[in-house]
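Fold and geometry: a report
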Amino acid sequence: MSTPDDKTKGVSAETGGEEAVASFKGVDEKEQGEGPGGFIVLFFIIGFVASLIIGWVIFPKLLYSQKRQPVDFNHVLHVETVDNGCESCHIFREDGSYAGVPKLAQCADCHQEVQGDSPQEKIFVEEYVAKEKEVPWLVYSKQPDCVFFSHTVHVKLAGMDCVTCHGPIGESTSLKPYEENRLTGYSRDIWGKSMTGIKKNSWDRMKMDDCAECHEKETGRKSSVQTDKDACFVCHK
Amino acid sequence: MKIDRRCFLSLGIGGAAGLALSPIPWKLADDSAIWTQMWPWTPVPADGEATYVKSACTLCPGGCGISVRKIDNRAVKIEGMEGHPVNDGGICLLGLSGLQLLYGPNRVKTPLKRAGERGEGKWVKITWEEAISEVAKKLGDIKEKGESNSVACISGSDKGTVPALFKRFLSVFGSPNFMRMPSIQDSYEIANNISLGFIAQTGFDLEHAGFILSFGSGLIEGWGSPVRMIRANSSWRKAGIKVVQVEPRLSNSAAKADKWIPVNPGTEYALALGLAHVIIRKSLYRNDFVHAGASGFIRFRDLVLSNYSPDSVEKITGIKKETIEALAVDFARSERPVAICGRGQGKSQGSLGEVMAVQALNVLVGNINKEGGVFAVNDPAYIAWPAYQSDAVGAAGIKKERIDGAGSGKYGFAKSLTNRFAGAVNSGSPVSLLFVLESNPVYSLPDTKDVKDAFKKIPFIVSFSSFMDETALNSDIILPNHVYLERYEDVPATAGLSKPVVSLARPVVSPQFNTKHAGDVILLIAKEVGSPVADAFPWKDYQTCLEGTAGDKWKILNKEGFSSDPAFTAQVVNISPGRFDLSGGVADLSILFTPVNSEEDSKAYPLFLLPYDSFRIANGYIGTPPFVIKTVEDTVLKGKDILVEINPATARANGLSAGSYATLKTPKGSARVKVHLFEGIMPGLVAMPRGLGHTAYDNYLAGKGINVNELIGTVEDPASGLDAAWGIRANLIKA
């Protein structure tokens, strides 16, 4: 791309001869002396820093909307009162499939009526149990529809802990806000809280690479369907 | 020092560098990838607990059991029912796509009354009460005039309680005009009636047969009960059973057979008689079975020995006499050989002579009433309702002659001849009110123009269709039935089965729209019409009627989803040797075996148009669902163009080449078609699939191809009144 400078210079060289060249030299020297070198660096830094701020601070705020769960839920309180840990409510059905978030009917077994003085429980009983309306829970761990995941295989056969993927959610006394990706509609927990994608714990993010990482560790590197080894179609059926 | 453009360039570069080190590009790239996979309009079945509902498929007469997977209250997949005596877990393409009929856009969602001209598609929504009282009022007016016999009903089937309720309604009201859509069942029924003396279906124990001789039947293309037939075909392959297919076109069934014998269309009967000739001449028949002394056999023997020698049959059929000789010996010397007929899926009747000639082969080799053989199967016996009382008008009306003539005069052996309906109405037989149940006669009866003309003459047409099909479009009032996945109904499977089964269709999901069970609607109409019609329907609702009718079998039906107890379902009739009258009791046998050809000028129409059935195109009441229409090859349907099959020799003679457009002309109409060259069709023929060219239905089906029924007509078989047409004279002119 030619700038206006180049053009001027070109025209001068052709028409003005040596004198014109000399005068241009003069201009260059002058600019070097009191040129905008400092500004250039400054502006670079401004642009650089502004981008970083936009990228790391503002962008995540724009990308994710914050949603509250319809009812706040105290996992600690419930884990204390049940015998079988997570599986007491997050059941495996008789056919072995995993039911996920409990249905209203399960909750209603105990919560036909308000038991304590928690305002959240009151909302739950009045708005949902009494009206027989399923609670529209926002599921932090919901994977895209193109992902096939079997809880049975991981929990029953491989004997994995819930915590490995879901973190210590059973120790929480209230539900954190659900951060929904405005573009994809999925929870922020899939990419992970950290925008860098760096994780400290195994449950910090649940992208494909994280599945693959564990699979590689546990079952060795496998790559082909034809040779009956793990590959795309294990999860993307 | 001053700020100039280089500073801003620098700002931009800095910004870009910062951007590259921020998560924006990487995160957005990843999210956009996910976003493109997650279009909000892509339907995704909800996640939840899977339950299964056992039910029955009603989309064809096959009577398969189905098991429908549901997530919460949404049906998500139809599978074949394991352990069902008809299909044992198997399912066909159409059955698999039934959910698109349930949830598809072509449902009639509420009772509708015509607002504009017939067929214009302008409707007003009415309530069920208004709809029923309107129909009842019309019926009342007709009765008052003493014209009760001018009420008629065309039904897709005459088996099961729902058609039986309609038939009973007509009977007590005073009309004999309950008709069912034509099929090869009509022909087999008449053949049984004249050769055995009673009306019965014909069942085939094809699973155990030892030699299959098919006269154009689409063995693996939907003939009989399709899933059962595909299973049987596999078992023949495994056991090395020989299959011989006789037909003018290399259909899929012919391609999969051990031997394909191309035959001049419409001359299949002559081949069967030629084979009988060889079998009798070489004394390969079962003397005890044909009861050699019986007059029927002697007359039949004399006819085939004198008129149907392989030499003469070669001239008629175009099949070499050596082939005929060898096939006859092969057939007669095989263990348990079975000959079957019914072109394609058996949707057309064919001539009586053809069925009689083919049945004669089974009788000659004595493969009747035993394993691997042919059976006469009675209608299901469980529908036994108390007698009813009709009034004077009703009693007089029921005794009048049927509109289609069946059951009287020269049509005395027939139960239903719906093929004659349009002709009769057009020539002046009055029909003042027509019920249309689970059928689409405006689309699927041959000679569409004739049928439409007949419909124009009927002042009031009541459609019970669940879908906005061609007949519903041409009706005055639509009382939409639940689709089969929303209703209870007994489903007797009689399509060529030797062991009859009755299955139970059950609501898989609750009704999606403001529809009503046709069984309930006819009960409500009866109540509104009042005594004595109302008194003949003592049931509170259809459900009570069905449970009462099933009696002590209801429990087992409800639990297992089917019953194959012969005491409950249809019964196989014991046919003793010699019982079968090969002459069919017909005084002049030659009338049976006279070729029924269209008389049109062979110069104007040098070719023959031959409709054929495809497994991938539904051609009856049900329109092909989107999943299925997607599977139709582009040698059959390309874009909106239909392709007709012709032999390359025919193409050369008519100056046509592959893919060129042509005008297909028949005495009934003309259509623009595309040409597909196919070595597997005899020269001189043009083959076109049934089931395309819908004008109603959704965008997936409407306007694609040509309805072959617009181009063909009916040809009445003088011996029986059946529609003997197998095609029509045609011409193909380069467009």
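Residues numbered from 1 in each chain as written. Chains lettered and ligands numbered in written order. Predicted model: local features only at pLDDT ≥ 70, side-chain atom pairs only at ≥ 80, totals over all residues. Heavy atoms only, no water.

**Looking at the pattern of salt bridges**
Opposite charge on two side chains permits pairing when their charged atoms draw close. Residue and element names in this part refer to chain B. Following the criterion strictly, the structure yields 56 salt bridges over all chains and no others. Residue lysine 77 is joined to glutamate 79 by a salt bridge in which the shortest nitrogen-to-oxygen separation is 3.5 Å. Given the relative accessible area of 35%, lysine 77 is considered partly exposed. We classify glutamate 79 as partly exposed; its relative accessible area is 22%. Note that lysine 668 and aspartate 447 form a salt bridge whose closest N and O atoms lie 2.9 Å from each other. Residue lysine 668 is located in the loop between β24 (661-666) and β25 (669-677), and its partner aspartate 447 is located in the loop between α18 (441-444) and α19 (448-457); the two are separated by 221 residues in the primary sequence. Each of the salt bridges in this network shares a partner with another, and the network as a whole consists of Asp158, Lys159, Arg180, Asp186, Glu189, Asp379 and Lys415. (Salt bridge = Lys/Arg side-chain N within 4 Å of Asp/Glu carboxyl O. Buried < 20%, exposed > 50% of the residue type's maximum accessible area, 1.4 Å probe, protein only. Helix = DSSP H or I, 4+ residues; strand = E, 2+ residues; numbered from the N terminus.)

**Re the interface of chain A and chain B**
Of the residues lining the interface, 33 residues belong to chain A; the matching set on chain B comes to 33 residues. Both faces combined, the contact of chain A with chain B buries some 2,900 Å², and carbon together with sulfur accounts for 72% of it. Taken as a group, A:Phe39, A:Phe43 and A:Leu183 account for 20% of the area that chain A buries against chain B, more than any other trio of residues on that side. Between A:Arg93 and B:Glu49 there is a salt bridge whose closest N-O contact spans 4.0 Å. Here chain A and chain B share nine residue pairs in polar contact (both at pLDDT 80 or more) between them. Listed by contribution, the elements that provide at least two residues to the side of chain A that touches chain B are α2 (17-34) and α3 (37-63) of chain A. (Contact = heavy atoms within 4.5 Å. Buried area = accessible area lost by both parts, 1.4 Å probe. Polar contact = N/O pair within 3.5 Å; in protein donor to acceptor, adjacent residues only side chain to side chain.)

**Here we look at the domain arrangement of chain B**
It is common to give the size of an interface as the accessible area that goes away when the parts come together. All names here are of chain B. Once the domains are mapped, chain B shows domain 1 (50-103), domain 2 (112-184 + 384-494 + 515-563), domain 3 (201-377) and domain 4 (607-734). Listed per partner, the contact involves 21 residues of domain 2 and 24 residues of domain 4. Carbon and sulfur atoms supply 50% of the area that domain 2 and domain 4 bury against each other, a total of about 1,900 Å² over both sides. The largest share of the area that domain 2 buries against domain 4 comes from Tyr443, Pro446 and Asp447, three residues that together contribute 32% of it. Summed over the shared surface of domain 2 and domain 4, the result is two salt bridges. At the boundary of domain 2 and domain 4, one finds 17 residue pairs in polar contact (both at pLDDT 80 or more). Put simply, the parts of the chain that give the side of domain 2 that touches domain 4 at least two residues each are α18 and α20 (470-473). A class-by-class count of the residues in the side of domain 2 that touches domain 4 yields eight nonpolar, seven polar and six charged. (Domains from an automatic or database assignment. Nonpolar A, V, L, I, M, F, W, Y, C, P; charged D, E, K, R; others polar.)

**Observations concerning the environment of B:Asn647**
Residues and elements named next belong to chain B. For asparagine 647, the location among the structural elements is in the loop between β23 (641-646) and α26 (648-653). Expressed as a C-alpha distance, the spacing of asparagine 647 and isoleucine 681, which sit 34 residues apart in the sequence, is 5.6 Å. Other than its neighbours up to four places away in sequence, asparagine 647 contacts Phe678, Glu679, Ile681, Met682 and Pro683.

**Remarks on the nonpolar core**
All names here are of chain B. Leu213, Phe215, Phe300, Leu361, Leu364 and Phe593 are the most contacted members of the largest nonpolar core, which totals 84 residues. Considering each element in turn, this core owes the most residues, ten residues, to helix α10 (residues 268-281). Residue contributions to this core reach at least three from each of two domains, namely domain 2 (112-184 + 384-494 + 515-563) and domain 3 (201-377). Not counting chain neighbours up to four residues away, the residues in contact with leucine 361 comprise Leu213, Phe215, Ala272, Leu275, Ala276, Ile279, Phe331 and Ala339. Leu99, Ile646, Val686 and Met688 belong to the second-largest nonpolar core, a separate cluster that totals 75 residues. (Core = buried A, V, L, I, M, F, W, Y, C linked by side-chain atoms within 4.5 Å.)

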